Amino acid sequence: MRTYIPIFFTVLLLSGLHACFYSDSLMYEVEPVPGDPPILSVSTNLDTLHNPPVNDSLEVIYQAVVEGGEFYYVYADVVNTLIFESDSSYGSFWIDSVLADSSGVDTLYMEFYYSSNTNSLADKVNYEARTEILKYAIDFNLGGTK
Amino acid sequence: MRKRIIYTIALAVLLVSAQNSLGQDWGLTFSAGVASSQMNDLKYLQEHILSTYPVEGKITSSFPPFTSASITMFKQLYDHIRIGGGYSYSTTGGKSSYADYSGDISTEMNATSHRLGAYLSYLVLGGDRLDLSLNGSLEANLTSLSLQSYYEILNYSNGISNNYRSLSPSVSAGGELMYTLKKISLGMEAGYLVDLKGDLKDTDDGDPLVDPNDTERVLSSDWTGWYVRLKALIWLKL
């Protein structure tokens with residue numbers, strides 16, 4: 001019986017060791033209530049053109065308006081190449097004909113990022129965004145330049 | 001000053017009244033239980049940190065009563081009086097947090113008190129088995145505080161950790177009720193500890209931990225509060 005007493009006290013001591021260090025594993029879990037989704041309106045100078053030609057270069061002018069939210073970023077790429085990025089909701093950039101290897105129609109992608117209004121932690125620190133991708137067909141007309 | 005003189009006289013009266021019964025025994029006590037702490041400055045800092053969250057977080061714990069333990073070695077100086085020294089330990093902490101589907105953010109504080117000091121006990125009522133004593137101690141209190149903030153949002157994560165330390169004198173007074181079983185006594189003790197507060201300083205660079213709203217004010221640890229502990233006493237023949 002006596003041999004078990006030290007074992008009992010050792011086990012008791014070891015089982016209480018974790019209590020010597022304060023810890024709180026509790027996390028305050030929240031399910032965010034989303035606000036109304038923002039409305040994005042984008043206009044460009046290509047809107048009214050049908051397959052605008054890129055003879056030497058082509059200027060693209062854009063304007064984005066976010067109603068009930070915040071504009072974050074715009075990326076533009078063509079022929080799998082990023083040609084423009086900006087955090088300005090209004091601006092312009094040029095598409096150069098040297099981007100294309102041959103004549104023909106290609107697609108200009110413009111990706112607009114704006115606030116999600118989900119009221120989540122990521123939304124509050126501008127890490128979470130809605131995305132809208134616009135596509136424009138553009139015609140590379142290399143002629144005798146290549 | 002006047003109070004100090006009164007306390008000194010009272011102590012001297014107690015010692016003189018019991019000096020005719022000199023003993024030689026030594027003893028060792030172990031106790032473990034719960035202690036509260038005020039930690040007003042750290043609670044204030046915790047609220048300030050929470051207010052800097054980009055979302056509405058919550059304080060899930062704020063320096064609650066937590067583990068306290070002590071070990072004391074004493075000499076039975078007189079029938080009624082024991083003197084000795086010992087080590088005491090207390091810990092507590094706080095946490096504020098927020099978590100949703102997109103990530104989480106949390107701030108944790110862990111405070112630990114290590115106290116070394118002198119111990120004095122006076123037997124008020126002594127029977128064959130049951131003893132009721134008043135006791136007190138004067139200690140040097142070393143506080144360690146770790147402050148960790150961490151966030152993880154989508155694929156981004158970051159964290160910061162700081163450690164602080166403070167030193168302060170503390171005084172405690174209380175009572176203990178013990179039941180004697182041959183060479184061992186079991187019982188409990190309870191009392192109140194007054195911590196005279198110590199300014200917290202960064203362990204790396206020695207910079208004080210200042211009030212974020214008043215940089216002239218240094219924040220301090222404060223272990224003032226009650227304690228309740230189960231106690232075991234072992235008699236030693238040295």
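Here we summarise the structure given alongside this text. (Residues numbered from 1 in each chain as written. Chains lettered and ligands numbered in written order. Predicted model: local features only at pLDDT ≥ 70, side-chain atom pairs only at ≥ 80, totals over all residues. Heavy atoms only, no water.)

**What to know about the overall build of chain A**
1) Next: A count of helices and strands for chain A gives two helices and eight strands.
2) Next: Looking at chain A as a whole, 32% of its 146 residues qualify as buried.
3) Next: Of the contacts formed within chain A by residues at least 6 apart in sequence, a portion of 68% connects residues at least 24 apart.
4) Next: Surface exposure of chain A reaches about 9100 Å², of which carbon and sulfur atoms provide 54%. (Helix = DSSP H or I, 4+ residues; strand = E, 2+ residues; numbered from the N terminus. Buried < 20%, exposed > 50% of the residue type's maximum accessible area, 1.4 Å probe, protein only. Contact = heavy atoms within 4.5 Å. Areas by Shrake-Rupley, 256 points an atom, 1.4 Å probe, with all protein chains shown as cover.)

**Focus on the interface of chain A and chain B**
1) Next: Listed by partner, the interface residues are 22 residues for chain A and 33 residues for chain B.
2) Next: Here chain A packs against chain B, burying approximately 2200 Å² in sum over the two surfaces, 64% of which is carbon and sulfur.
3) Next: The three residues of chain A that bury the most area against chain B are Tyr-22, Tyr-28 and Leu-121 of chain A, which together make up 38% of that side's buried surface.
4) Next: The tally of links between chain A and chain B comes to zero salt bridges. (Buried area = accessible area lost by both parts, 1.4 Å probe. Salt bridge = Lys/Arg side-chain N within 4 Å of Asp/Glu carboxyl O.)

**Remarks on empty space enclosed by the protein**
Residues and elements named next belong to chain B.
1) Next: Following the criterion strictly, the structure yields two cavities of 30 Å³ or more and no others.
2) Next: For the largest cavity, the calculated volume is near 250 Å³.
3) Next: Surrounding the largest cavity, 26 residues form its lining, Ser-88, Ser-137, Glu-139, Ser-172 and Arg-229 being those nearest its centre.
4) Next: Per element, the largest residue contribution to the lining of the largest cavity is five residues, and it comes from strand 14 (residues 225–236).
5) Next: Of the volumes computed, that of the second largest cavity is approximately 30 Å³.
6) Next: Around the second largest cavity, the lining residues are Ala-35, Ser-36, Ser-37, Phe-66, Thr-67, Ser-90, Thr-91, Thr-92 and Trp-223.
7) Next: Breaking the lining of the second largest cavity down by element, the ones donating at least two residues are strand 3 (66–76) and strand 4 (81–100).
8) Next: Looking at the lining of the second largest cavity element by element, the count peaks at three residues for strand 4.
9) Next: Among the residues making up the lining of the second largest cavity, the classes are represented as three nonpolar, six polar and no charged. (1 Å grid on protein atoms, 1.4 Å probe; cavity = no way out; pocket = protein on both sides within 12 Å on 5 of 7 lines; lining within 4 Å. Points joined across faces, edges and corners; volume = space filled by probe spheres on them. Nonpolar A, V, L, I, M, F, W, Y, C, P; charged D, E, K, R; others polar.)

**Thoughts on the sheet that holds strand 5 (residues 81–86) of chain A**
All names here are of chain A.
1) Next: Across the sheet, five strands lie side by side as 2-8-7-4-5; this open sheet has mixed pairing. Every other strand in the sheet has two partners, leaving strand 2 (53–54) and strand 5 as the edge strands with one partner each.
2) Next: Alignment of strand 7 (residues 104–115) against strand 8 (residues 129–140), held across 12 bridges, turns out to be antiparallel. Bridge assignment links Tyr-109 to a residue of strand 8, and that residue is Lys-135. (Pairing = 2+ DSSP bridges.)

**A closer look at the pattern of salt bridges**
All names here are of chain B.
1) Next: Within this structure, the stated rule accounts for seven salt bridges over all chains.
2) Next: With its nearest N and O atoms 3.3 Å apart, the salt bridge here joins Arg-115 to Glu-139. One end of the pair, Arg-115, is in strand 5 (residues 103–126); the other, Glu-139, is in strand 6 (residues 130–153), and 24 residues separate them in sequence.
3) Next: With relative accessibility at 3%, the residue Arg-115 sits in the buried group.
4) Next: Taking relative accessible area as the criterion, Glu-139 reaches 8% and is therefore assigned buried.
5) Next: Three or more residues are tied together by salt bridges with common partners; here these are Arg-82, Glu-176, Glu-189, Arg-229 and Lys-231.

**Re the environment of Gly-175 of chain B**
All names here are of chain B.
1) Next: Along the polypeptide, Gly-175 turns up in strand 7 (residues 156–181).
2) Next: For Gly-175, a relative accessible area of 22% corresponds to the partly exposed category.
3) Next: C-alpha separation for the pair Gly-175 and Ser-113, spaced 62 residues apart in sequence, amounts to 21 Å.
4) Next: Not counting chain neighbours up to four residues away, the residues in contact with Gly-175 comprise Ser-133, Leu-134, Asn-135, Met-188, Glu-189 and Ala-190.

**Topic: the side chain of Ser-96 of chain B**
1) Next: Here Ser-96 of chain B shows up in strand 4.
2) Next: Excluding residues within four positions of it along the chain, Ser-96 of chain B makes contact with Gln-46, Leu-50, Tyr-53, Lys-58, Ile-59, Thr-60, Ile-105, Ser-106 and Thr-107 of chain B.

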